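One-letter residues, chain by chain:
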Amino acid sequence: MSYVDEVIERVVKENPSEPEFHQAVKEVLESLRVVVEANEEAYRRDALLERLVNPERQIKFRVPWIDDKGQVHVNTGYRVQFNSAIGPYKGGLRLHPSVNLGIIKFLGFEQIFKNSLTGLSIGGGKGGSDFDPKGKSDREIMAFCQSFMTELCKYIGADTDVPAGDIGTGAREIGYMYGQYKRIRNLFEGVLTGKAISYGGSYARTEATGYGLLYITEEMLKCNGQSLQGKTVIVSGSGNVAIYAIEKAGQLGAKVVTASDSNGWVYDPEGIDVAALKEIKEVKRQRLTEYKKYRPNSEYHEGKGVWGVKADIALPCATQNELNLEDAKKLVANGVIAVAEGANMPTTADATEYLQEKGVYFIPGKAANAGGVATSALEMSQNSERLSWTFEQVDAKLKEIMVNLFHNIDAAAKKYGFDGNYVVGANIAGFEKVADAMTAQGIV
Ligand code: NDP
Ligand code: 2IT
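In this text the structure is predicted, and so the values were computed from the model without any measurement.

## Considering the overall build of the protein chain
The number of helices and strands found in the protein chain is 17 helices and 13 strands. For a compact globule of 444 residues, the expected C-alpha radius of gyration is about 22 Å, and the protein chain comes in at 21 Å, within 12% of that figure. Seen through its principal axes, the protein chain has C-alpha atoms that stretch 65 × 55 × 45 Å. Out of the 444 residues in the protein chain, the part that is buried amounts to 56%. For the protein chain, the proportion of contacts with a sequence separation of at least 24, taken over those separated by at least 6, is 72%.

And the structure:
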């Protein structure tokens, strides 16, 4: 059996009930087959792939907190410190009832390659909790965040592990967690990113994932003789990534006609009103049903449905496995030319394969949404030098990073004979730097 197949088999056997982790490992290792075969003897001797798929450390802890009625709740907290070969662990904290160890491991594993692709010095990690922030008061959110950080603060630090936002964790949660970290550790340091500007946050971090997604999409289209100008775009989600993807798509001349949340979706034929979306989601924290009040000509539908809307480009920006084979068939039938993943692994494996077979340009999340973590690394740099760069400076660096990233994955795909396969390109380009660093650092 080939080395890649052996390791995939072991991962499935040794990590039962973690389907998302298996999915992520399979996709990456399948892509690496050609590189692994070329170095098989050394990699096998050093157990490089076994070390790559085993987190350096995984922490699981109890998070007790008290609700507004005095009832105590207990959630589970996680931090998976996956790989520190090229820098301190870096990756977000997800707060969502679906969180379990397998979800955090899939996200942490993806983060290794994503962070490597940014070209910056950051290793891979991820964390979170099965806590559900929906419907909680500010005080309850604070109680949870403080309890969560009371334990997490023992394992993180500005040069050790630097968490950030993800689903359910935005500026409010980062603020409460930062306050508790500082209080316990007595350190004012860049231990979290996605902070508000008033205490060490970076301009453009809020916008970075969505903006970066459009910068790389635009560059990819440009290199294939196309552009975003005049294109119709469908977006899923209505959170941090979706909102700023919609905003930047509009600035680059495209029209986004959909957004969604976990209850339903909106179709706005004149283009999604970003100011209305921000007010509903960022300020009032309401459901998308409210959107029609701002835009009477729009439609609201319960359930799932954005992938059935006719468009040129699809940007899944909500969650894992939200775009399946059936959805991919609809996209192709409707003439979609490009799919770029704002979320982490939103496209199922069979859907990805189908889209690629049909000639749809496909940029995987670890490349397409890397602008968020890249800007987090820029926030770390600013914190280290105790200076703050302007919005324009950070945005220009973000754009440069995304353009370079596209050319790196494109070149890696071409080098190994997979021209235009950005999945293979991203996995290989991300892996090479990490593998070199792991080899140089010996068996650790
Ligand atoms: P938010 O919490 O801000 O928004 C998430 C959005 O996705 C909401 O509209 C939410 O709807 C929807 N959603 C979440 N879970 C589900 C689900 N199970 N089914 C349907 N809809 C769902 O998160 P972000 O925008 O930050 O994250 C979105 C994706 O982007 C995630 O995959 C995340 O890992 C990834 N990502 C985020 C980065 C960042 O910087 N924030 C960076 C790179 C990737 P509802 O509110 O109803 O739950
Ligand atoms: O998935 C991701 O890359 C993030 N949630 C952002 C991580 C970060 O450290 O900014």
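## Structural notes on the pairing of strand β1 (residues 57–66)
Relative to strand β2 (residues 72–83), β1 runs antiparallel, the two being bridged by ten bridges. Residue Ile-66 lies in a different strand from β2, and its bridge partner there is Val-72. Adjacent in sequence and paired antiparallel, β1 and β2 are bridged by five residues, among which Gly-70 carries a positive phi angle near 95 degrees.

## Let's talk about the packing of aromatic side chains
As enumerated under the stated definition, the model contains 14 aromatic pairs in all. Connected via pairs of aromatic rings, a cluster forms that spans Phe-61, Trp-65, Phe-131, Phe-144 and Phe-148. The aromatic ring of Tyr-211 is capped on one face by Lys-248, whose charged end is 4.4 Å from the ring centroid.

## Here we look at the packing of helix α6 (residues 138–152) against helix α7 (residues 171–185)
α7 packs onto α6 with a crossing angle of 45 degrees between their chain directions and a minimal axis gap of 8 Å. On the basis of their axis angle, the class for α6 and α7 is oblique. As for how α6 packs across α7, the hand of that crossing is right-handed. Here Asp-138, Ile-141, Met-142, Cys-145, Gln-146, Phe-148, Met-149 and Thr-150 of α6 lie close against α7, whose contacting residues are Arg-172, Glu-173, Tyr-176, Met-177, Gln-180, Tyr-181 and Ile-184. Here the contact of α6 with α7 is built from residues that sort into nine nonpolar, three polar and three charged.

## Some details on the site of ligand 1
Near ligand 1 there are 25 residues, and of these Asp-166, Thr-209, Ser-262, Arg-287 and Asn-344 occur at the shortest range. Take Ser-262: an N or O atom from its side chain is 2.4 Å from an oxygen atom of ligand 1. Arg-287 places a side-chain nitrogen or oxygen 2.4 Å from an oxygen atom of ligand 1. Burial of ligand 1 by the protein chains amounts to 82% of its free accessible area of 880 Å².

## As for the pattern of salt bridges
Per the stated rule, a full pass over the model turns up 26 salt bridges. The partner of Glu-110 in a salt bridge is Lys-366, and the shortest N-O contact between them spans 3.3 Å. Of the two residues, Glu-110 sits in helix α5 (residues 101–117) while Lys-366 sits in helix α14 (residues 365–368), which places them 256 residues apart along the sequence. Accessibility classification places Glu-110 together with Lys-366 in one group, the buried group. The partner of Arg-172 in a salt bridge is Asp-138, with the nearest N and O atoms 2.6 Å apart. Here Asp-138 lies in helix α6 and Arg-172 lies in helix α7, a separation of 34 residues in the sequence. Taken together, the salt bridges that share partners define one network made up of Asp-5, Glu-30 and Arg-33.

Here is what the cut-offs are and how they apply
Residues numbered from 1 in each chain as written. Chains lettered and ligands numbered in written order. Predicted model: local features only at pLDDT ≥ 70, side-chain atom pairs only at ≥ 80, totals over all residues. Heavy atoms only, no water. Helix = DSSP H or I, 4+ residues; strand = E, 2+ residues; numbered from the N terminus. Rg over C-alpha atoms; globule rule 2.2 N^0.38 Å. Buried < 20%, exposed > 50% of the residue type's maximum accessible area, 1.4 Å probe, protein only. Contact = heavy atoms within 4.5 Å. Pairing = 2+ DSSP bridges. Phe/Tyr/Trp six-rings, centres within 6.5 Å; stacked < 30°, edge-to-face > 60°. Lys NZ or Arg CZ within 6 Å of the ring centre and 35° of its normal. Axes fitted to C-alpha atoms, helices over the stretch in contact; angles between N-to-C directions. Parallel < 35°, antiparallel > 145°, perpendicular 65-115°, else oblique. Left-handed = near helix turned anticlockwise from the far one by under 90°. Nonpolar A, V, L, I, M, F, W, Y, C, P; charged D, E, K, R; others polar. Near = heavy atom within 4 Å. Polar contact = N/O pair within 3.5 Å; in protein donor to acceptor, adjacent residues only side chain to side chain. Areas by Shrake-Rupley, 256 points an atom, 1.4 Å probe, with all protein chains shown as cover. Salt bridge = Lys/Arg side-chain N within 4 Å of Asp/Glu carboxyl O.

So, to be careful, I would describe these as geometric facts and stop short of saying anything about function.
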